[in-house]
Amino acid sequence: MGPSSQTNTIDFDAAKLKRLGFSNQHPRPLRRTSLVQLRQQLALQLQTSLDAERVLSLFFAAVQRLVPLDALSYQQPISDLRLELGERASHSAAYRLSHDGEYLGELVFRRRLRFSEEELAQLESLLASLLFPLRNALLYRAAIQDALRDPLTGAGNRVAMDQTLAREVELARRNLLPLSVLMLDLDHFKQVNDRHGHSVGDEVLKAVANTLKNQLRNVDMVFRYGGEEFLVLLSGTPREAAGMIGERLRHAVLELQCLAQGHPIELSISLGCATLLPGEAAESLLRRADSALYVAKRKGRNRLTMAG
């Protein structure tokens, strides 16, 4: 029978720095010196980047110079950040990181051999060097995300759309994968604003954006193209599948329950779908999807049209 798994789960806050003295934890002078040196190196090295993934990668590589590890995993759902480094193993030491009550995520060290008490103390001491650089990196990540997000709906904005679409077109070409887009527009949205006011219109836009996101895969992306128009980017999705997704979105919006002064608001969307052609530029792909949307609206709205 193999050894039982070891799991240590600890809340690790910046306040814990105050009790991370070395005299009782590490009786051997050589070990204590190496720990001190490593902390000093980490304090400088981790400040060289504001990219959270690079900060964690640097930290993982440095820690292994003192405590052998097989893997490090990290997740911070608020920042939509997950990272897996190395290979998973049966023994783990898990930490819930925070700074002055601010949640910084969950970090787990893993390896095949059990951690000794001395090694766990060393890991905790080294974690103290990670908290401040990680917090700065998460703040920077949040600022970048906010700059690329539509403040009303939470969908990506036009800047994010242009950057993402250019990247996805390049990846589709390089890997010979399909790529489709859906351009959609809320039908008669001006009437919603005229009858119920712009505050109700804003709530409708937010509800529609959330409905779109809930109907899609994690790899699919929703952008606010402008006004009441949205663009959905479907990575790795061929023409037929994209059409099915578009129909699913159309039915989901039809079933959406929005009220104004207790009365339901009837909502529908029109959609245009286009799939990337060999050698096609991103601008052409968008233009064909927009043309297909125009055809759907001209034919009576509340329908999906596939680009030729």
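Residues numbered from 1 in each chain as written. Predicted model: local features only at pLDDT ≥ 70, side-chain atom pairs only at ≥ 80, totals over all residues. Heavy atoms only, no water.

Moving on: the overall build of the chain. Counting its secondary structure elements, the chain contains eight helices and twelve strands. Sorting the 308 residues of the chain into buried and exposed places 48% on the buried side. Excluding contacts between residues fewer than 6 apart, the proportion of contacts in the chain whose partners are at least 24 apart in sequence is 66%. Put simply, the chain shows about 16200 Å² of open surface, and 51% of that area lies on carbon and sulfur atoms. (Helix = DSSP H or I, 4+ residues; strand = E, 2+ residues; numbered from the N terminus. Buried < 20%, exposed > 50% of the residue type's maximum accessible area, 1.4 Å probe, protein only. Contact = heavy atoms within 4.5 Å. Areas by Shrake-Rupley, 256 points an atom, 1.4 Å probe, with all protein chains shown as cover.)

Of note, asparagine 193 is situated in helix 5 (residues 189-196). Judged by its relative accessible area of 14%, asparagine 193 is buried. If near-sequence neighbours (up to four positions away) are discounted, asparagine 193 is found in contact with His198 and Gly201.

A few words now on the sheet that holds strand 11 (residues 269-275). The strand order across the open sheet built from five strands is 7-8-6-11-12, with neighbouring strands paired in mixed fashion. Here the strands that pair on one side only, and so sit at the sheet edges, are strand 7 (221-226) and strand 12 (304-306). Between one strand axis and the next, the sheet turns through 20° on average, direction left out of account. Of the pairings in the sheet, the one linking strand 6 (residues 179-186) to strand 11 comprises seven bridges and is antiparallel in character. The residue bridging leucine 182 from the neighbouring strand is cysteine 273, located in strand 11. (Pairing = 2+ DSSP bridges. Axes fitted to C-alpha atoms, helices over the stretch in contact; angles between N-to-C directions.)

Together, Leu50, Tyr140 and Ile144 make up an exposed nonpolar region whose accessible area comes to about 270 Å². Mapped onto the elements of the fold, tyrosine 140 is located in helix 3 (residues 117-147). Residue tyrosine 140 is classed as partly exposed on the basis of its relative accessible area of 41%. (Patch = residues over 30% accessible without salt bridge, like charges linked within 9 Å, V, L, I, M, F, W, Y side chains within 5 Å. Salt bridge = Lys/Arg side-chain N within 4 Å of Asp/Glu carboxyl O.)

This part is about the nonpolar core. Ranked by size, the top nonpolar core spans 36 residues in total, and within it Phe59, Leu97, Leu107, Phe109 and Leu130 carry the most contacts. Elements with a contribution of two residues or more to this core: helix 1 (29-45), helix 2 (52-63), strand 2 (71-76), strand 3 (81-86), strand 4 (91-99), strand 5 (102-111) and helix 3. At nine residues, the largest contribution of residues to this core is made by helix 3. Once residues within four sequence positions are removed from consideration, leucine 107 is found in contact with Leu56, Leu72, Ser73, Tyr74, Ala93, Ala94, Tyr95, Leu97, Leu127 and Leu130. In this structure, Leu182, Leu184, Phe189 and Val192 belong to the second largest nonpolar core, which totals 31 residues. (Core = buried A, V, L, I, M, F, W, Y, C linked by side-chain atoms within 4.5 Å.)

Moving on to the pairing of strand 7. Summarising the sheet, strand 7 and strand 8 (residues 229-235) pair through five bridges and their orientation is antiparallel. Looking at strand 8, one finds that glycine 226 is bridged to glutamate 229.

So, on to the pattern of salt bridges. Throughout the structure, instances matching the rule amount to 15 salt bridges. Ionic pairing is found between arginine 217 and aspartate 220, a salt bridge with its closest N-O pair at 2.6 Å. Residue class for arginine 217 comes out partly exposed when judged on its relative accessible area of 38%. The class for aspartate 220 is buried, based on a relative accessible area of 7%.

The tally for this structure, following the rule as stated, stands at two aromatic pairs. Ring plane angle 40° and centroid distance 6.3 Å describe the contact between phenylalanine 59 and phenylalanine 109, whose orientation is recorded as tilted. One end of the pair, phenylalanine 59, is in helix 2; the other, phenylalanine 109, is in strand 5, and 50 residues separate them in sequence. Summarising the burial analysis for this pair, phenylalanine 59 and phenylalanine 109 share the class buried. Seen in terms of ring centroids, tyrosine 95 and phenylalanine 109 are 6.0 Å apart; in terms of plane orientation they differ by 75°. Their pairing is edge-to-face. On the criterion of sequence distance, the pair formed by tyrosine 95 in strand 4 and phenylalanine 109 in strand 5 is long-range, its members being 14 residues apart. We note that tyrosine 95, like phenylalanine 109, is buried. Positioned over the ring face of phenylalanine 115 is arginine 111, at 4.5 Å from the centre of the ring. One Lys or Arg, arginine 158, reaches over the ring of tyrosine 225 and ends 4.2 Å from the middle of that ring. (Phe/Tyr/Trp six-rings, centres within 6.5 Å; stacked < 30°, edge-to-face > 60°. Lys NZ or Arg CZ within 6 Å of the ring centre and 35° of its normal.)

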